[in-house]
Amino acid sequence: MIPRFLPAVVVCLLVSPPAAYASLPDPVVQVSAAISPGAVRPGVDFDVVVTVDIANGWHINANRPGSDFQVPSELSFPAAPGFVSFSDFKYPPAISKPVSFSETPLDLYEGRIVITAPLHLMNDAPPGMFALHARLRYQACDDEKCLPPATLPIDVSLVVESGAVPGGSTASSVSRDNFVGFSGAGKSNIIEGVFREK
């Protein structure tokens, strides 16, 4: 994890990739997303579940890393007023681990982690198929070096059914076996931060 104000020697390291970077896993970080339930009626709560796979020997910083020089891992959605509202995202517990470039252990994530974003579909949301657009910002490091901060785009398919649910009842208790994933968005029309599939 690299300070936001980098010394010149570190900047040179990042701009001119050294031979050590030639053996980087491809990719270091992979992201997939799913929605529960796959089809949602207006007035219902649902979850977007983001799975992050981090290559062996690498880590990313925790959402609340506890150190000023660490770049936190953050999931974000564009605002979508009149369509969905957001609650606090649920990040996994961090692990505290020593690394060679820090005098104290750092809070980080390794392996596979899951971030859950609770959302609420507004009562007047139109029916149809949409793609919610999100981003994951992170910085990947191994025990000796860090890559520059990066942002991965995430698109999640959402089917909105006709008819609002009275009282805004929730559906977030639907089994995770009913998740419907989405791998890549096609051409879309933007609707206040939400994309409708053509």
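Conventions and cut-offs
- Residues numbered from 1 in each chain as written.
- Predicted model: local features only at pLDDT ≥ 70, side-chain atom pairs only at ≥ 80, totals over all residues.
- Heavy atoms only, no water.
- Helix = DSSP H or I, 4+ residues; strand = E, 2+ residues; numbered from the N terminus.
- Buried < 20%, exposed > 50% of the residue type's maximum accessible area, 1.4 Å probe, protein only.
- Contact = heavy atoms within 4.5 Å.
- Areas by Shrake-Rupley, 256 points an atom, 1.4 Å probe, with all protein chains shown as cover.
- Core = buried A, V, L, I, M, F, W, Y, C linked by side-chain atoms within 4.5 Å.
- Salt bridge = Lys/Arg side-chain N within 4 Å of Asp/Glu carboxyl O.
- Pairing = 2+ DSSP bridges.
- Disulfide = S-S within 2.5 Å.
- Phe/Tyr/Trp six-rings, centres within 6.5 Å; stacked < 30°, edge-to-face > 60°.

Moving on, we come to the overall build of the chain. What the chain contains, in helices and strands, is one helix and 15 strands. Relative to its full complement of 198 residues, the chain shows a buried share of 41%. Put simply, of all contacts in the chain between residues at least 6 apart along the chain, 73% involve residues at least 24 apart. When the accessible area of the chain is evaluated, it comes to approximately 10,300 Å², of which 54% is carbon and sulfur surface.

Time to look at the nonpolar core. Membership of the largest hydrophobic core comes to 38 residues, with the highest contact counts inside it found for Phe46, Val48, Val52, Ile60, Leu75, Phe83 and Leu132. Elements represented by at least two residues in this core include exactly strand E1 (29-36), strand E3 (45-54), strand E9 (112-121), strand E10 (128-138) and strand E12 (150-160).

Scanning all chains against the criterion turns up three salt bridges. Two residues, Asp53 and Arg112, come together in a salt bridge whose shortest N-O distance is 2.6 Å. With Asp53 in strand E3 and Arg112 in strand E9, this residue pair connects regions lying 59 residues apart in the sequence. Residue Arg112 is classed as exposed on the basis of its relative accessible area of 61%. Salt-bridge contacts for Glu110 lead to Lys97; the nearest nitrogen and oxygen are separated by 2.6 Å.

As a further point, take the sheet that holds strand E7 (residues 95-97). Strand pairing in a sheet takes place through backbone hydrogen bonds and is either antiparallel or parallel in direction. With antiparallel pairing, four strands are arranged side by side in an open sheet as E7-E8-E4-E11. The two strands at the open ends of the sheet, each matched to only one other strand, are E7 and strand E11 (140-141). As defined by bridge partners, strand E4 (residues 59-61) adjoins strand E8 (residues 106-109) across two bridges and the pair is classed as antiparallel. Within the sheet, the bridge partner assigned to Ile60 lies in E8 and is Tyr109.

The next subject is the state of the cysteines. Scanning all chains against the criterion turns up one disulfide. Bridging Cys141 to Cys146, the disulfide has an S-S length of 2.1 Å. One disulfide, between Cys141 and Cys146, carries an S-S torsion of 100° and so falls in the right-handed class. For the pair formed by Cys141 and Cys146, the shared burial category is buried.

Considering all chains together, one arrives at three aromatic pairs under this definition. Relative to Phe86, the ring of Phe77 lies with its centre 5.4 Å away and its plane at 35°, an arrangement referred to as tilted. Here Phe77 falls in the buried class, since its relative accessible area comes to 14%. The class for Phe86 is partly exposed, based on a relative accessible area of 33%. Taken together, Phe77, Phe86 and Phe89 form an aromatic cluster joined through their ring pairs.

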